[in-house]
Number of protein chains: 4
Amino acid sequence: MRGNSFGKAFTITTFGESHGKAIGVTIDGCPAGLTLDLNFIQSELDRRRPGQSKIVTQRKESDTVQILSGDFEGKTTGTPLMLLIWNADARSKDYSHIADRFRPSHADFTYHEKYGNRDYRGGGRSSARETAARVAAGAIAKLFLREKGIEINAYVSQVGAIKTEKSYPELDLADTEKTAVRCPDLPVAEQMIDHIKAVKKAGDTIGGVVAAVVTGCPVGLGEPAFDKLHADLAKAMLSINACKGFEYGSGFDGVTMRGSEHNDIFVKEGNEIKTKTNFSGGIQGGISNGMDIYFRCAFKPVATIIPAQDSVDVKGEKTEVVGKGRHDPCVVPRAVPIVEAMAALVLIDHYLRDLMVRREDRGERREERG
Amino acid sequence: MRGNSFGKAFTITTFGESHGKAIGVTIDGCPAGLTLDLNFIQSELDRRRPGQSKIVTQRKESDTVQILSGDFEGKTTGTPLMLLIWNADARSKDYSHIADRFRPSHADFTYHEKYGNRDYRGGGRSSARETAARVAAGAIAKLFLREKGIEINAYVSQVGAIKTEKSYPELDLADTEKTAVRCPDLPVAEQMIDHIKAVKKAGDTIGGVVAAVVTGCPVGLGEPAFDKLHADLAKAMLSINACKGFEYGSGFDGVTMRGSEHNDIFVKEGNEIKTKTNFSGGIQGGISNGMDIYFRCAFKPVATIIPAQDSVDVKGEKTEVVGKGRHDPCVVPRAVPIVEAMAALVLIDHYLRDLMVRREDRGERREERG
Amino acid sequence: MRGNSFGKAFTITTFGESHGKAIGVTIDGCPAGLTLDLNFIQSELDRRRPGQSKIVTQRKESDTVQILSGDFEGKTTGTPLMLLIWNADARSKDYSHIADRFRPSHADFTYHEKYGNRDYRGGGRSSARETAARVAAGAIAKLFLREKGIEINAYVSQVGAIKTEKSYPELDLADTEKTAVRCPDLPVAEQMIDHIKAVKKAGDTIGGVVAAVVTGCPVGLGEPAFDKLHADLAKAMLSINACKGFEYGSGFDGVTMRGSEHNDIFVKEGNEIKTKTNFSGGIQGGISNGMDIYFRCAFKPVATIIPAQDSVDVKGEKTEVVGKGRHDPCVVPRAVPIVEAMAALVLIDHYLRDLMVRREDRGERREERG
Amino acid sequence: MRGNSFGKAFTITTFGESHGKAIGVTIDGCPAGLTLDLNFIQSELDRRRPGQSKIVTQRKESDTVQILSGDFEGKTTGTPLMLLIWNADARSKDYSHIADRFRPSHADFTYHEKYGNRDYRGGGRSSARETAARVAAGAIAKLFLREKGIEINAYVSQVGAIKTEKSYPELDLADTEKTAVRCPDLPVAEQMIDHIKAVKKAGDTIGGVVAAVVTGCPVGLGEPAFDKLHADLAKAMLSINACKGFEYGSGFDGVTMRGSEHNDIFVKEGNEIKTKTNFSGGIQGGISNGMDIYFRCAFKPVATIIPAQDSVDVKGEKTEVVGKGRHDPCVVPRAVPIVEAMAALVLIDHYLRDLMVRREDRGERREERG
């Protein structure tokens, strides 16, 4: 009921504060017999890790993950997996100056009002550090999905006003990891990096957009009426720190289209049914239709900036806040693996839930078309 | 697990198909002692009702709602409320032509593949008719929220390329119901209506945007990390038929802003803490901060159009689909009460969940600032 | 959160009061393609129906059930099933004398205190009439389980101090329905009936025990650590009105046994692994082991009796309560189909949940032993 | 969905295997501002700890608990609490002999069949070692409940055929901790200890009963229809390893009583309403009525015994199992704190859930009676 769990079939519960002893995640619902590729899990965390490049926060954390339960001889056993990451570089003193005051557009005020007793160090629980636990869980989800042929790739499509005009499959998503900003349109990536550096130099921050594509998703994932696949994706994305918007398929651009343009015409390819266009974004009536799923997430500029800002303290008295601490000038490069992780968590959840629907008929229906 | 329930504290479960016997909703978690204003509940359904104007579907349904349980002497008892709406004008024959074929961009194909046994009449369960049940439940949520001073107002801000440049509070939301299209910018509303009529005449459909404002929301609603207030709003909105995108506060526009512009500075007003600007959209760290909550939802053009379209049948053979049935040329006028209902369901859910947090301290904190 | 739903995969939500307009149940999670045998569903309700014999309450209710959604051409579609039963013989005037006072050992006082606004007529929501909805949902679960070879049979094993010394398979469970008391030990059944008649004549009531046996349950149902199969059965049974105790396998008698006596030795039969004894009651570590599951439920005497009893009114003033209304002298004959229904709901829930575990391996393991 | 979580408002998720790296629990839903008395939490674990006396298993574990998140300056913050206990004395070699065979009446066979990949060491996840995590979480629940005046006391009432004929309040529950067997009837406790020693000497095991009393519970906890307070207690208790039965109030003995004997007559005491007798066990209609709540739990003899037993291996071939490992000759002395912990988890969950019901009226109702 409190909100630290996600997923109904593959259920994760994250814990930990930015400057507490550790952060981590418990996963209940991972099928037994899955090979746990620790190198892969760690490599996913490394993609989210602070200090990985010059355009991200310089906090030093190796984010080394340990699996404390649920594994036996390298495979999952069907019992809860517990993944733990110790906090190393928790310079709590960086934050003593904000113990009694509220940083603008942070969660300081709302946590103070809601809970009364607040760990103010680095934002405590409201810090994006919590997302490391999501990436760890998402990595395990990815290992499972990969066995089923489902791949998820996110990338930065916009930083401030700089954006790529290309989209997948025109973009080669293998290029995403080639630059620190994770935009696969390499000339645009360079402009983005320069822009982030300039913003950082000014002590300021800037927003951006992360786009994502899911390939290989079978027909049938998603549960109407409320747990539509895209509704769960929307919630997953909006639950990421600093995310302000979500759209899938034609999204906000679809608003100006007519039905006659927007409708995706069905065609038969082999014994599969496909659509000629894909404004539906791979989901119809809340259920995947076998086409690529694609969506976009808007991220606001990070709230921590260097220049002094007016604010109030816990008693409401006027005060000033100056940005110390270490922080990201732009959140989107590190948001890429988080978006992928959350998408993976939604997909594995729906994959498992769909197993409870009578599936034997599906093969028959497909064969009839063969 | 199947997805027909929404809410953890105020939990609704909807049922019913477009051309089945009835649709309705069971509500578990409504507090006892709430006065049930039946006229208000019915009036909300009337706002969503088909046939209410010339720019919506002409299906004839009075959508008269009955309360079958959970009430005693005009008030709720704390036991489940069951609200039932009989289907009246279910011209199933209108749909026999699509029994064995898939309408483009409808849920026909995905339901057929997922479930095997599909009620094709009017889209069955995937029909937007299901949202009448949401509006009924949302009306009860509104009655509760109103007692707490929380009001929700949605309106049409865009139809195709025609949009209002104004926003609340510049717009007088009392004007929303003055036109059939539910845009409170009355000159723009006229253009929208003309546009919808033209689109309808062409047998085509068009998309649009619904904007919403929540006023009077207290500080403290929302549950991090996953059940952030805006994450639940996003899921709620994306679960509405034809919704393709959601943004709150600065939304996608916030992407191009700098932190120094986007940050909302705290100020004291009386013994309340407010913000000078509200790019946060009334929510910080997933928790309401007492400012207005506002968000926008993108709706695609309705998939049912009159001209013949290519498609395939259940065996994958090429065929053609012609639009019969009755349908909306543009979904947004009728989506307004649905958006409000879903927002009300999210807010009451979080209002009740927040009651489990130690609240006695809050008053004390507020008094300290007095 | 309020407690009117049961089951995680096959989720039912019941609604309705004893003397309200209707009672019923919504089922979310029933697999598609299940043939709905309406005669069977009604026959299950008839087994629970009031007025069915001289030893049960004489309230007149046909308990005719209607399916309002989720079915198409006689089969389930995977969407929510809604089953409705109208209340017919609701003689509310029978209850006006208790509007302001609390009947001993009823829920009048606790509902009054918890909710404030209470439908006192016939106990309102706390009436066992609510269990008709469970029987309707359980009948659908039974139809599904029957396809899988799983059968559930409950019977009365004790009324007051009169009990059968026999148990299944010594008892022929086909004899259960031969008498009004539903004890398959026919000579004992006659004594039970006479005893109930004598108790009724005295205006009094008496307790009893319902025993149940599940045959054909496959290995693997149940989810440790908390959702052990027997833990969910215990909750299901204790949630039935008047149930005071639950035991499975050796139960309370197992307390005095030694491990060397109580352990069930494994043996191979064909390619199945069985146990020589079955003190485990078909469940080990919370998971079914393929043997018969058996358990027993204690029911207290019904609280409504004819003689005047001291009590207090809503203001705490001393008063008297006299039994009017119609009521059962002994609850166990009508509890039999309710116990079966609740067991069926637990089993289908765990059957569906188990589908999310990697099952392909199981066949292989079994074949290895072949 | 997998079953490793318990509670809807105060939700715990346990993880860990008997011989894995660690065990622990995440708690989501603990209210903010609760003082964490670490000495108390550890003392509860010490009551469950192996090696605490000569009549329990001699495995050496200090069971030292660490809190890794959710606390700040000694108090809870409303964010998830993570409690970790490292496994120390994990002599896995003790178990290599059972890697490929099934111990009678253990969970070896069912886990093997359900999951395929099984951590056989010490029973893995099915080991009662998991209950240490429950005791840790339960200790925090007790700290909260104590602030509200709610106390839970369990004790051993029977070992094999040796039982106390006394019950609370005749028994002084302060005597429970005076003996290793935790029976407050001290002369009977001595007999129990002698009996357990004799059974142990024979390499055998014996069952027992744990009784529990909850005092100070306010009126109003419990959520009909399915989440009745006693139904949730039943599930909680049956989820404990080796528990085979549960009864509350009059329990199985109530079966032979008449309504006229069994009904609890209401009386006014001050401005409270009480009952003269308490066969209801403090719960009516699933809701606490303010009287003491009492219940009893049956535990079977531990399955691990020293003498050789026939069994089968994973291929179904006949084999033999000899008891090595360390184990309890009788589970009930160590089950006492586990029963208390599970009861505390049920009560805090319902305490928090009840906060969502309109409570302001209650005080008024009580005052009216003043």
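For the structure, check the block above.
Conventions we followed
Residues numbered from 1 in each chain as written. Chains lettered and ligands numbered in written order. Predicted model: local features only at pLDDT ≥ 70, side-chain atom pairs only at ≥ 80, totals over all residues. Heavy atoms only, no water. Least-squares fit on C-alpha atoms with pLDDT ≥ 70 in both. Contact = heavy atoms within 4.5 Å. Buried area = accessible area lost by both parts, 1.4 Å probe. Salt bridge = Lys/Arg side-chain N within 4 Å of Asp/Glu carboxyl O. Polar contact = N/O pair within 3.5 Å; in protein donor to acceptor, adjacent residues only side chain to side chain. Helix = DSSP H or I, 4+ residues; strand = E, 2+ residues; numbered from the N terminus. Nonpolar A, V, L, I, M, F, W, Y, C, P; charged D, E, K, R; others polar. Pairing = 2+ DSSP bridges. Axes fitted to C-alpha atoms, helices over the stretch in contact; angles between N-to-C directions. Buried < 20%, exposed > 50% of the residue type's maximum accessible area, 1.4 Å probe, protein only. Lys, Arg positive; Asp, Glu negative; His and termini not counted. Disulfide = S-S within 2.5 Å. Parallel < 35°, antiparallel > 145°, perpendicular 65-115°, else oblique. Left-handed = near helix turned anticlockwise from the far one by under 90°.

(A) Region of the structure containing the relation of the copies chain B and chain A. Of the transformation superimposing chain B on chain A, the axial component is 0.0 Å and the angular component is 180°, with the fit at an RMSD of 0.0 Å. Interpreted geometrically, this transformation is the action of a two-fold axis. Interface overlap between copies: 100% of the residues of chain B at the interface are likewise at the interface in chain A, consistent with a symmetric, same-surface contact.

(B) Fine view of the relation of the copies chain D and chain C. Each copy superposes on the other: chain D lies on chain C with an RMSD of 0.0 Å after a rotation of 180° and an axial shift of 0.0 Å. Counting the interface residues of chain D, we find that 100% of their copies in chain C are interface residues as well, pointing to one common contact surface.

(C) Broad picture of the interface of chain D and chain C. The partner chain C presents 118 residues to the 118 residues of chain D that form the contact. Approximately 9300 Å² of surface area, both sides summed, lies buried where chain D meets chain C, with 58% of it carried by carbon and sulfur atoms. It is D:Lys114, D:Phe226 and D:Lys244 that lose the most area in chain D upon contact with chain C, and together they represent 10% of the buried surface on that side. At the surface where chain D touches chain C, the tally comes to 12 salt bridges. Measuring nitrogen to oxygen at the nearest pair gives 2.7 Å for the salt bridge that ties D:Asp227 to C:Lys235. In this assembly, chain D and chain C are joined by 53 residue pairs in polar contact (both at pLDDT 80 or more). With 7 residues, the single largest contributor to the side of chain D that touches chain C is helix H2 (residues 108-115) of chain D. The class makeup of the residues in the side of chain D that touches chain C is 47 nonpolar, 38 polar and 33 charged. The sheet contact formed by strand E11 (residues 243-248) of chain C and strand E11 (residues 243-248) of chain D spans 3 bridges and is antiparallel. The residue of E11(D) that forms the bridge with C:Gly245 is D:Glu247.

(D) Quick peek at the sheet that holds strand E7 (residues 81-86) of chain D. All names here are of chain D. With antiparallel pairing, 5 strands are arranged side by side in an open sheet as E1-E2-E3-E7-E4. The outermost strands of the open sheet, each flanked by one partner alone, are strand E1 (5-6) and strand E4 (65-69). On top of the sheet, helix H1 (residues 38-48) reaches E4 and E7; it is set at about 130° to E4, its chief contact.

(E) Structural detail: the pairing of strand E7 (residues 81-86) of chain C. All names here are of chain C. In terms of burial, E7 is a largely internal element, 5 of the 6 residues being buried. As judged from the 6 bridges shared by strand E3 (residues 22-28) and E7, these two strands associate in the antiparallel manner. By the bridge assignment for E7, Ala-22 is matched with Trp-86. In the sheet, strand E4 (residues 65-69) pairs with E7 via 4 bridges, with the strands oriented antiparallel. Following the sheet pairing, Ile-67 is matched in E7 by Leu-83.

(F) Broad picture of the side chain of D:Glu17. By secondary structure assignment, the location of D:Glu17 is in the loop between strand E2 (11-16) and strand E3 (22-28). Although D:Glu17 is buried, it makes no salt bridge; D:Arg125 carries the closest opposite charge, 5.1 Å away. A polar side-chain atom of D:Glu17 sits 2.7 Å from a polar atom in the side chain of A:Thr79.

(G) Examining the state of the cysteines more closely. All names here are of chain B. By the definition in use, this model includes 0 disulfides over all chains. The closest cysteine sulfur to the non-disulfide-bonded Cys-217 is located on Cys-297, 17 Å from its own sulfur. With no disulfide of its own, Cys-297 lies 4.9 Å from the sulfur of Cys-243, the closest cysteine sulfur.

(H) Structural detail: the packing of helix H3 (residues 131-147) of chain A against helix H7 (residues 332-354) of chain A. Residue and element names in this part refer to chain A. Close contact between H3 and H7 brings their axes to 8 Å; oriented N to C, the two are set at 50°. Classified by the angle their axes make, H3 and H7 are oblique. In this structure, H3 crosses over H7, and the sense of that crossing is left-handed. Of the residues in H7, those touching H3 at Thr-131, Arg-134, Val-135, Ala-137, Gly-138, Ala-141, Lys-142, Phe-144 and Leu-145 are Pro-337, Ile-338, Glu-340, Ala-341, Met-342, Ala-344, Leu-345, Leu-347, Ile-348, Tyr-351 and Leu-352.

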